[in-house]
Every structure is written in C-alpha cells, then in structure tokens.
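Reading the structure
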Amino acid sequence: MKLCLSKEQYKLFEEVKTVAALIAPDIPVIIEIITAPVPTTTFLYGGDAIKSTTNATKPFTMGVCGYHNGYDAIVTCGHTFTTANQAIYKWGASNSFASVAASSYPLLYNNVSGDYAVAHITNSNYWTTEMSRTNHSGGFSAINGSATATSGQTVFRYGCVSYGAATVSLVNQPITYGSTTVNGLTIALPTMSSYGAQDGDSGGPYTFSYLNENCWCGIQSGGANPVNGIYQVMAF
C-alpha cells in the first residue's frame, strides 16, 4: 500500500504507519512527500481593475466586496454597469466573475440617486475579501465597516489608475453628467493636485478613519476641472 502525503501531513507519518500496519501487516508501507495541488483561486480586493467587456480598451475600478440578497457581491460605479445581468471581468481576464444585480444609474432616466452598481459573484474561482488596495505596489488595508463622511473630513481615494487623499467640501449634492442628474453625491477636493482622480478610477473606494476603524464611505463617480487629465474636483 502506497500513501501519498503533502508536507503538512508528513508529521502524521508514525500514526499512518501504525494504522496501516494494523490493517495490512504484511504489506510494506511507502510514505512519499508530494506537492499538494493548489486550487485556481483569484481573490477580489477593493480597487481591483475591472472591465465591462472582454475587449474593453480602458479599465474601471471595483469598489468593495460584501453581500447582497444572500450572494457574495461587489459594488462599483453605476454609470458603466447599468444593465441587469451585465457581465463584469477582471482586467486582463477573459472569463467574467460577476453579473450586475442592481444599478442606480439607468441612463434612460433622470434624477437618479447615487451612482453605483451591485454585482453578484458568478464564478466560484473568484473569492471576495474584506481588503482594499492602498497603493499600486501591493499594499492592502482591511475595511472594518461603513460610515458617512462629513464636510471637512479627510478621505482616502483609491483607483486602479491613481490614488490619494482628499478633503470633503460638500455633501448630498446633485451633480449633472450631460443630461443626467445624479442626486446625493459628495464633493471632495484632492489634498494635492496630483491626487485627483483620472479616467479609469470610476467605481473605486473612498475610505476614512472613524473611531479608529477604516471605514468605507463611497465610490468614485466623476470629476471636473481636469488639469493634465487629473480632476481637481471629484464626486463620490
């Protein structure tokens, strides 16, 4: 009888040998160390680059992970993901991982409230996490809850293109994009001009420290007053 064990199981060598000897005392037992197969799993983090089609030429940004109607889910910008059952892909991937379940930004209607889409995870190879990216060098931070940012609050914005700190200037504002007015948005100004949002950051998370916890407070919607492609006024 030949037993193949991973390295973690090798510590059970004596126990396995004893049991095998009791079951088949006349058959030699060979213990072989092998590399255990690793399942193909992609973890999802707030701030991941995503796309709306397989051949998209520019990314958008995922907000945070959570639950919706009993499903593992993510939230991102509604102005891109507007259609029920619309597929969402990780940037660089050919298989979708989520499907839009709800969107607050139907382009055929005006005076919508908020700019977000909720998508259910549809691919079992993708696992949600409570983590959000903090820089483009692999940094992460846990999201411990949600809270509402107030005027004067310093917040941190992360997008797959750019990231940085901002200061909330106005809350619960109506913002008009073309012919569509989105109600209930918060306006923030970057603390440095280079920290402003750029195209591709839409959907990315905003967080701030509240009662010593890192709390999520919104997702990137849009921007105004660009300087060299960097928005100096942002809405979330």
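Parameters at a glance
- Residues numbered from 1 in each chain as written.
- Predicted model: local features only at pLDDT ≥ 70, side-chain atom pairs only at ≥ 80, totals over all residues.
- Heavy atoms only, no water.
- Helix = DSSP H or I, 4+ residues; strand = E, 2+ residues; numbered from the N terminus.
- Buried < 20%, exposed > 50% of the residue type's maximum accessible area, 1.4 Å probe, protein only.
- Contact = heavy atoms within 4.5 Å.
- Areas by Shrake-Rupley, 256 points an atom, 1.4 Å probe, with all protein chains shown as cover.
- Salt bridge = Lys/Arg side-chain N within 4 Å of Asp/Glu carboxyl O.
- Pairing = 2+ DSSP bridges.
- Phe/Tyr/Trp six-rings, centres within 6.5 Å; stacked < 30°, edge-to-face > 60°.
- Lys NZ or Arg CZ within 6 Å of the ring centre and 35° of its normal.
- Axes fitted to C-alpha atoms, helices over the stretch in contact; angles between N-to-C directions.
- Core = buried A, V, L, I, M, F, W, Y, C linked by side-chain atoms within 4.5 Å.
- Disulfide = S-S within 2.5 Å.

**Details of the overall build of the chain**
A tally of regular secondary structure across the chain gives 1 helix and 21 strands. A burial count over the chain gives 42% of its 236 residues as buried. Relative to all contacts within the chain whose residues are 6 or more apart in sequence, the contacts with residues 24 or more apart total 57%. Carbon and sulfur atoms form 53% of the exposed surface of the chain, whose accessible area is close to 12,600 Å².

**Quick word on the pattern of salt bridges**
Per the counting criterion, the structure on display carries 3 salt bridges. D48 is paired through a salt bridge with K90; the nearest N and O atoms lie 3.7 Å apart. Of this pair, D48 sits in the loop between strand 3 (42-46) and strand 4 (49-51) while K90 sits in strand 8 (residues 87-90); the two residues are 42 residues apart in sequence, bridging distant segments of the chain. Since its relative accessible area comes to 15%, K90 is described here as buried. In this structure, D201 engages R157 in a salt bridge whose closest nitrogen and oxygen atoms are separated by 3.2 Å.

**Digging into the sheet that holds strand 7 (residues 71-76)**
What the 7 strands build is an open sheet, ordered 5-4-8-9-11-7-6; its pairing is antiparallel. Two strands close off the open sheet at either side, each with one partner strand: strand 5 (60-61) and strand 6 (65-68).

**Structural notes on the pairing of strand 11 (residues 117-121)**
Taking burial as the measure, the 5 residues of strand 11 include 5 buried ones, the bulk of the element. The pairing of strand 7 with strand 11 spans 4 bridges and is classified as antiparallel. Looking across to strand 11, one finds that A73 is bridged to H120. Bridge analysis of strand 9 (residues 96-103) against strand 11 gives 5 bridges, and the strand direction is antiparallel. Looking at the pairing, A98 lines up with I121 of strand 11.

**Details of the packing of aromatic side chains**
Inspection of every chain in the model, using the stated rule, returns 8 aromatic pairs. Directly above the aromatic system of W91 lies the positively charged group of K51, at a separation of 5.8 Å from the ring centroid.

**A few points about the environment of N172**
The topology assignment puts N172 in strand 16 (residues 163-177). Judged by its relative accessible area of 58%, N172 falls in the exposed class.

**Describing the sheet that holds strand 13 (residues 140-142)**
If you trace the 3 strands from one edge of the open sheet to the other, you get 3-12-13, paired in mixed fashion. The strands lining the two open edges of the sheet, one partner per strand, are strand 3 and strand 13. Neighbour-to-neighbour, the strand axes of the sheet open up by a mean angle of 60°, direction not taken into account. Note: strand 12 (residues 126-133) against strand 13, 3 bridges, orientation antiparallel. Bridge assignment links R133 to a residue of strand 13, and that residue is F140.

**Topic: the nonpolar core**
Residues L44, I74, F81, I88 and F97 are the most contacted members of the largest nonpolar core, which totals 17 residues. When contributions to this core are tallied by element, the ones reaching two or more residues are strand 9 and strand 11. Non-local contacts of F81, meaning those with residues more than four positions away in its chain, are made with I50, K51, S52, F60, T76, Q86, A87, I88, V100, S103 and A117. Of all hydrophobic cores here, the second largest spans 13 residues; its members include A147, V168, A188 and F236.

**Looking at the state of the cysteines**
Taken as a whole and judged by the stated rule, the model has 0 disulfides. We note that C217 lacks a disulfide partner, and the nearest cysteine sulfur, in C215, lies 8.7 Å from it. A relative accessible area of 16% places C217 in the buried class.

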